[in-house]
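Understanding the architecture of this molecule
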Amino acid sequence: MEKLWTGVTAGKTDPLADDFNSSIRFDSRMFREDIRGSMVHAAMLERCGILTPEENDVLQAGLASVLADLESGALPIDPTAEDIHMFVEQELTKRVGDAGKKLHTARSRNDQVALDLRLCLRREIGEIRALAAALIRAVTEQAEAHREAVLPGYTHLQRAQPLSFGHHLMAYAMMLLRDMDRLSDCAVRMNVSPIGCCALAGTTWPTDRVWEGEQLGFDASALNSMDAVSDRDFCLELMSGLSILMMHLSRFSEEIILWSSWEFRFVELSDAYTTGSSIMPQKRNPDMAELVRGKTGRVYGDLMALFTTMKGLPLAYNKDMQEDKERVFDACDTAKMCLRVFAPMIASMTVREDNMLAAARTGFINATDLADYLAGKGEPFRSAYKLTGQIVARCAAEGLTLEELPLNVYQSYSPLFEEDLYGEIDLRRCVEKRTSVGGTSPASVEAQIKYVKEMLDDGKDIH
Ligand code: ARG
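In what follows, the accompanying structure is described.

1. Some points on the pairing of strand 1 (residues 150–155)
One ladder, built from 6 bridges, connects strand 1 with strand 2 (residues 158–164); its direction is antiparallel. Looking at the pairing, Tyr154 lines up with Arg159 of strand 2. With antiparallel pairing between neighbouring strands as the criterion, strand 1 and strand 2 make up a hairpin whose turn holds 2 residues, including His156 at a positive phi of roughly 55°.

2. Thoughts on the pattern of salt bridges
Applying the stated criterion to the full structure yields 39 salt bridges. A salt bridge links Glu424 to Lys433, with the nearest nitrogen and oxygen atoms 3.3 Å apart. Its relative accessible area of 26% is what places Glu424 among the partly exposed residues. The partner of Arg429 in a salt bridge is Glu432, with the nearest N and O atoms 3.7 Å apart.

3. Some words on the site of the ligand
Near the ligand you find Ser23, Asp27, Asp83, Arg109, Asn110, Val113, Tyr317, Gln322 and Lys325, and these make up its full shell. Compared with its free state, where it exposes 350 Å², the ligand has 85% of that area covered by protein. Residue contributions to the shell around the ligand peak at 3 residues, all from helix 7 (residues 109–145). Residue classes in the shell around the ligand are distributed as 2 nonpolar, 3 polar and 4 charged.

4. A closer look at a nonpolar patch on the surface
Taken together, the side chains of Leu200, Met226 and Leu315 define a hydrophobic patch exposed on the protein surface, amounting to about 270 Å² of accessible area. Summarising the element assignment, Leu315 is placed in the loop between helix 12 (287–310) and helix 13 (324–347).

5. Concerning the packing of aromatic side chains
Enumeration according to the criterion identifies 9 aromatic pairs in this entry. The interplanar angle of 70° and the centroid separation of 5.3 Å between the aromatic rings of Phe165 and Trp259 together place this pair among those described as edge-to-face. Of the two residues, Phe165 sits in helix 8 (residues 165–190) while Trp259 sits in helix 11 (residues 233–259), which places them 94 residues apart along the sequence. Judged by its relative accessible area of 0%, Phe165 falls in the buried class. Taking 3.9 Å as the distance between ring centres and 0° as the angle between the ring planes, the aromatic pair formed by Tyr172 and Phe252 counts as stacked. On the criterion of sequence distance, the pair formed by Tyr172 in helix 8 and Phe252 in helix 11 is long-range, its members being 80 residues apart. No difference in accessibility class separates Tyr172 from Phe252, as the two residues are buried. Joined through ring pairs, the aromatic side chains of Tyr373, Tyr410, Phe417 and Tyr422 make up one cluster.

Calculation criteria
- Along each chain, the written sequence defines residue order, and numbers are assigned to residues from 1.
- Predicted model: local features are reported for residues with pLDDT of at least 70 only, side-chain atom pairs are reported and counted for 80 or more only, and whole-chain, interface and lining totals are derived from all residues.
- No hydrogens and no water enter the side-chain calculation; it runs on all heavy atoms of the structure.
- Here a strand pair is declared whenever DSSP counts at least two bridges between the two strands.
- Secondary structure elements follow DSSP: runs of H or I no shorter than four residues count as helices, runs of E no shorter than two count as strands, and numbering proceeds from the N terminus.
- The salt bridge definition used is simple: a Lys or Arg side-chain nitrogen within 4 Å of an Asp or Glu carboxyl oxygen.
- Throughout, exposure labels follow a simple rule: accessible area from a 1.4 Å probe, protein chains only, divided by the maximum for the residue type, with under 20% read as buried, over 50% as exposed, and the rest as partly exposed.
- Any residue with a non-hydrogen atom lying within 4 Å of a molecule or strand is treated as near it.
- Only the protein chains shown count as covering a residue, and every accessible area follows the Shrake-Rupley method with a 1.4 Å probe.
- Residue polarity is assigned by list, with Asp, Glu, Lys and Arg as charged and Ala, Val, Leu, Ile, Met, Phe, Trp, Tyr, Cys and Pro as nonpolar; anything else, Gly included, falls into the polar class.
- Only residues above 30% relative accessible area that lack a salt bridge enter a patch, with like-charged residues linked at up to 9 Å and the nonpolar side chains Val, Leu, Ile, Met, Phe, Trp and Tyr linked at up to 5 Å.
- Put simply, two rings from Phe, Tyr or Trp (the six-membered ring, in Trp's case) pair if the centres are within 6.5 Å, and we call them stacked under 30 degrees between planes, edge-to-face over 60, tilted for the rest.

Structure below.
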């Protein structure tokens, strides 16, 4: 294919250099955005008297036919083309002749690629947010179904205090809700139009780039042409948000991996999200959760790669920046795949409330409640804590739980102990009593579920 930029050079680059230079392998996925941008650009050129209405009509029809043929597959993407922008323009000119050669008036690939990428990522953000919302719904449904289940809560992976499983799950719903929020926040800054900034300095043509941006659904037009064509902070911001999202999914995965182990047995993943071993017939491996945990590193890598690419670039456009797309597309694709598999994995998981409760019965996770009981009766908390520690040590030595230790033994530690202590250290009561805002009590869990559902239903958070 003859190069559109043949001019000062003969365009006779080495095929190896052509291949090295080409981005069509990964930017052809922006063909819809590229054509949409070109349609609006032609319309703007006509509106400003730069193209005749007839030329614009020809361009609109030509671009529509290229789009239709790309959609249907009738027009294969030429793998030797330099990029999607060149490919579309060349194909258009092939189809409509000279009018095609006027399309690139008052435009550069530098503002064109910045435009296409913003349009493309804006759509990606919408898709990722919808997938995150579906996951939050799945998590919230499980939380609602198992809000009464009591399990040990951990700190340092040591049994700490009794929790409602619903409360534990809603922690992830909250994190994911913030992830959605971060993405929409990023979409706001991303939704500023770079089109019309041209190569770097703007244009001498009497264009209307504000109108052009509005037609493409942008909230504003960039105020500095060099900034608009040379920054990729919107990609970095998106990948930062995706990295945080992946970090949350990875922690969730880690817990699911633990919970589904024989050591815990708190959940059973459905067969649809479990794999077997090629040698050990008994194995049920949580591969999906492990892969999500593993792919988190990949998204962090995407982010770090582009950070590193961008860090030393002088203004304005540099070809280094072509490296942006593979990274940001990979981060989006990876996050989408993970979310897609995560939601049904959670929805179909069996929760073993019996095993959770059995685990909660050991480990003295109601010791804080025993200390609180004494403190409530007037013993200063610090000494109540100490006495409780001694009682726990005794129970551990005798192989008893706190519930099993007789009242007379309790009373040998403090006369403040009475029969009602057993009610106070009952595991369910321990959960019910934590009524502080955001605590694990049933009322608090209900409030969290209601809040999250409202956020999702209002679409407040759906961009
Ligand atoms: N394929 C290029 C990219 O992805 C398009 C921009 C090229 N601009 C240029 N002046 N060579 O960044």
